[in-house]
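Single-letter residue listing:
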Amino acid sequence: MSAPRRTLLLLLAALVAAPAPAQGPVPAPPASPDAFVVPATPPPAPIAREEFARRRQALAAEMGDGVLVVMGTLEPDADYLPFAQNAPFRYLTGVTEPNAVLVIAKRGARVDEHLFVMPREPSQEVWQGARLGAEGATRLTGIPSHTTEEMEEVLRGVLAGVRTLYTVAPLSMDGSQNPFLRPDQQFIQQLQREYGVERVADLSDELFTIRQVKSPAELDMLRRSILITTLAHREAMRAVEPGMNEFEIHALIEATFRRYGAERPSFGSIVGSGPNSTTLHYRAADRYMQAGDMLVMDIGASYNGYAADVTRTIPVNGRFSPEQRAVYEIVLAAQKAAEEQARAGVTMARLNQTATRVIAEGLARLGLIESPQATYECRRGGATAQCAQVNLFYMHGLGHGIGLDVHDPEAGYGRGFVAGSAFTIEPGIYVRADALDYLPDTPGNRRMIARLRPAVERYRDIGVRIEDDYFLTEGGLERVTAGAPREIDEIEALMALESFWNRERRPEMVEWYRGITPR
């Protein structure tokens, strides 16, 4: 046997005889991919200052001779506290700094504008961040700008001889000084006293009317906030599992918002499971979720100030029970019936009537109410009245406008939807365990309670709300939240996928919370 061959055989024998190397942790398999693709969206652009100027011009057209004063939100008491500009000021100027003031003076056909912002001050900017200063504010907005230190002198000239002071901050009914008014309201009253202004007129309704119709730029920002919220829902659906705490999903949702550039949640995120799913604006988000629970997630990202609002309801264990499915299907049918009617000229009230009818018919089928038209004896203003039984389990409006505020002005409340409307449709059913426990004790109510009690026990602690965001354009209705699953089979399929979020979950740390919660 040749030497090279003998050497090879010895090496092979040694490898066979050698102990197997120690096995390290087996890498986790790659997570199942989510097939959702974010719709093609061109790069965003800032809302043009010309658009802000048109908004101010539209509001000035609603004024007579006089001076309009609009205050931005004040700096928080401590600079480490959160700050958000109020919607009217941001809508009219685009300025997001605190302590800013907009003044519009109108005399005949002449309209003059002034913007006041904090001065540049390095000793403060090292704590709070760079400020625009007067020059920066002028470049940003096109409005002649001054520092707030110059405001008293400028206002002295602007307000001299003015008889009407306009505001978008309604005063108390009698115009009297009230220490509990907001700072902007107090400021208006102070100006009225100092300059002898005869009357104060509120332009809030006029501004709300202008804000009802969303421009293409506004719809673009809303679309982005909605897409971010959609992704947060999808991430949450994949992550939810029995034994988790609500705050884990709450954290995932709000982390997803910031991950994709949202400023913050557009409202306090609602993440409620089991009995908490039946509380409309549940805040705590600290319950341990169990198999058999429903989980309501009512959430919205704020992107460049524009607020999404999207709700999904899912089973914590990933599969709907027959009772959960029955309630869910009624709510979904009500939403679909309402959205089929959403078009120009139709009011939100009409949509609500349609959704309520579908819910009432469904509740009657489940035995939760006696009939779609059934009533019970209730109290109104100290007197006995008849209230609809459907309201025991569906007690809120169907939807609202969205925009810079999560409940934004919307034409659908009055004249009917228009091209440029942006709004939600959000029916719900909430079977609270104590829904029948606090009704007036009357013979009729006792008979009703006896008939309904078995169904309430069967469906107790099931809360379902489904909320989508819609745009009405010249081309018709668009459900912008289509990427957030709402069909039962879609939800169950997405919940079956593995979650990256859960790979590094530390359940032992989540369990710490049990030790500090009151018992």
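All of these numbers come straight from a predicted model, not from anything done at the bench.

### Regarding the overall build of the chain
Consideration 1: Of the regular secondary structure elements, the chain holds 15 helices and 19 strands.
Consideration 2: Within the chain, buried positions represent 50% of all 519 residues.
Consideration 3: In the chain, once contacts between residues fewer than 6 apart in sequence are set aside, the share between residues at least 24 apart is 72%.
Consideration 4: Summed over all atoms, the accessible surface of the chain reaches about 25,200 Å², with 54% contributed by carbon and sulfur.
Consideration 5: One finds the centroid of the 55 positive side-chain charges in the chain at a distance of 4 Å from the centroid of its 66 negative side-chain charges.

### What to know about the packing of helix α11 (residues 322-341) against helix α14 (residues 488-495)
Consideration 1: Where α11 meets α14, the axes come as close as 11 Å, and the angle between the chain directions of the two elements is 125°. On the basis of their axis angle, the class for α11 and α14 is oblique. Of the residues in α14, those in contact with Arg325, Tyr328 and Glu329 of α11 are Ile488, Ile491 and Glu492.
Consideration 2: Each residue belonging to the contact of α11 with α14 can be placed in one class, and the counts come to three nonpolar, no polar and three charged.

### Let's talk about the state of the cysteines
In protein chemistry, a disulfide is the covalent bond that joins the sulfur atoms of two cysteines.
Consideration 1: In this structure the tally under the stated criterion is one disulfide.
Consideration 2: Sulfur-sulfur distance for the disulfide between Cys378 and Cys387 comes to 1.9 Å. Measuring the twist about the S-S bond at about 70°, one finds the Cys378-Cys387 disulfide to be right-handed. By the burial criterion, Cys378 is buried, and Cys387 matches it.

### A short note on the pattern of salt bridges
Consideration 1: One pass over the structure, following the stated rule, counts 38 salt bridges.
Consideration 2: Ionic pairing is found between Arg325 and Glu492, a salt bridge with its closest N-O pair at 3.9 Å. Taken together, the residues Arg325 in helix α11 and Glu492 in helix α14 connect sequence positions 167 residues apart.
Consideration 3: The exposure class of Arg325 is partly exposed, given its relative accessible area of 31%.
Consideration 4: Residue Glu492 is classed as buried on the basis of its relative accessible area, which comes to 9%.
Consideration 5: A single salt-bridge network, built from bridges that share partners, covers Arg312, Glu339, Asp468, Arg479 and Arg486.

### Observations regarding the nonpolar core
Consideration 1: Core analysis: the biggest nonpolar cluster contains 109 residues, and Ile249, Ile253, Tyr328, Leu368, Phe393 and Ile429 have the highest contact counts within it.
Consideration 2: The leading source of residues in this core is helix α9 (residues 216-239), at nine residues.
Consideration 3: Residues within four places of Leu368 in sequence aside, it is in contact with Leu363, Phe393, Val431, Leu452, Ala455, Val456 and Tyr459.
Consideration 4: Counting residues in each nonpolar core, the second largest holds 18 residues, with Val101, Val154, Leu165 and Leu191 among its members.

### Description of unusual backbone geometry
Consideration 1: Here Asn99, not a glycine, exhibits a phi torsion of approximately 65°, which is positive.
Consideration 2: As for its placement among the helices and strands, Asn99 is situated in the loop between α3 (87-93) and β2 (101-107).

### Brief notes about the packing of aromatic side chains
Consideration 1: In total, this model carries four aromatic pairs according to the counting rule given.
Consideration 2: Seen in terms of ring centroids, Phe417 and Phe423 are 4.2 Å apart; in terms of plane orientation they differ by 25°. Their pairing is stacked.
Consideration 3: For Phe423, a relative accessible area of 0% puts it in the buried group.
Consideration 4: On the numbers, 5.7 Å between centres and 20° between planes, the contact of Phe423 with Tyr470 is stacked. Taken as a pair, Phe423 in strand β15 (residues 421-425) and Tyr470 in strand β18 (residues 468-473) lie far apart in primary sequence, 47 residues in all. Across the pair, exposure class does not vary: Phe423 and Tyr470 are buried alike.
Consideration 5: Through pairs of rings, three or more aromatic residues link up here, namely Phe417, Phe423 and Tyr470.
Consideration 6: In this structure, Arg55 packs its charged tip against the face of Tyr91, placed 4.2 Å from the ring centre.
Consideration 7: Over the aromatic face of Tyr288 sits the side chain of Arg514, whose NZ or CZ is 3.7 Å from the ring centroid.

### Quick word on the confidence of the model for the chain
Consideration 1: Looking at the chain as a whole, the pLDDT averages 92, with 91% of positions reaching at least 70.
Consideration 2: Contacts of residues 1-26 to residues separated by more than four positions or lying in other chains number two contacts, the stretch itself having pLDDT below 50.

### What to know about the sheet that holds strand β7 (residues 264-265)
Consideration 1: One open sheet holds the three strands; their spatial order is β7-β10-β11, and the pairing between them is antiparallel. The sheet terminates laterally at β7 and β11 (306-307), the two strands that pair on one side only.
Consideration 2: By the bridge criterion, two bridges tie strand β10 (residues 301-303) to β11 in an arrangement that is antiparallel. Bridge pairing in β11 links Ser302 to Ala307.

### Focus on the sheet that holds strand β6 (residues 199-202)
Consideration 1: Taken together, the six strands give an open sheet; going across it, the order is β4-β3-β2-β1-β5-β6, and neighbouring strands pair in mixed fashion. Because the sheet does not close on itself, it has two edges, and the strands there are β4 (145-147) and β6. Shown here is a sheet whose adjacent strand axes are inclined to one another by a mean of 25°, direction ignored.
Consideration 2: Here strand β5 (residues 164-167) pairs with β6 via four bridges, running parallel. The residue of β6 that forms the bridge with Leu165 is Val200.
Consideration 3: Where helix α2 (residues 49-60) meets the sheet, its contacts fall on β1 (66-71), β2 and β3 (110-117), and the angle it forms with β2 comes to roughly 50°.
Consideration 4: Along the sheet, helix α7 (residues 183-195) makes contact with β1, β5 and β6, crossing β1 at roughly 150°.

### Regarding the environment of Val358
Consideration 1: Examined against the element boundaries, Val358 turns out to sit in helix α12 (residues 348-366).
Consideration 2: Look at Val358 and you get buried, because its relative accessible area is 14%.
Consideration 3: Along the sequence, Val358 and Ile330 sit 28 residues apart, while their C-alpha atoms lie 7.2 Å from each other.
Consideration 4: Those residues in contact with Val358 that sit more than four places away from it in its chain are Ile330, Ala333, Ala334 and Ala337.

Rules used throughout
- Residues numbered from 1 in each chain as written.
- Predicted model: local features only at pLDDT ≥ 70, side-chain atom pairs only at ≥ 80, totals over all residues.
- Heavy atoms only, no water.
- Helix = DSSP H or I, 4+ residues; strand = E, 2+ residues; numbered from the N terminus.
- Buried < 20%, exposed > 50% of the residue type's maximum accessible area, 1.4 Å probe, protein only.
- Contact = heavy atoms within 4.5 Å.
- Areas by Shrake-Rupley, 256 points an atom, 1.4 Å probe, with all protein chains shown as cover.
- Lys, Arg positive; Asp, Glu negative; His and termini not counted.
- Charge placed at Lys NZ, Arg CZ, Asp CG, Glu CD.
- Axes fitted to C-alpha atoms, helices over the stretch in contact; angles between N-to-C directions.
- Parallel < 35°, antiparallel > 145°, perpendicular 65-115°, else oblique.
- Nonpolar A, V, L, I, M, F, W, Y, C, P; charged D, E, K, R; others polar.
- Disulfide = S-S within 2.5 Å.
- Salt bridge = Lys/Arg side-chain N within 4 Å of Asp/Glu carboxyl O.
- Core = buried A, V, L, I, M, F, W, Y, C linked by side-chain atoms within 4.5 Å.
- Phe/Tyr/Trp six-rings, centres within 6.5 Å; stacked < 30°, edge-to-face > 60°.
- Lys NZ or Arg CZ within 6 Å of the ring centre and 35° of its normal.
- pLDDT = per-residue confidence, 0-100.
- Pairing = 2+ DSSP bridges.

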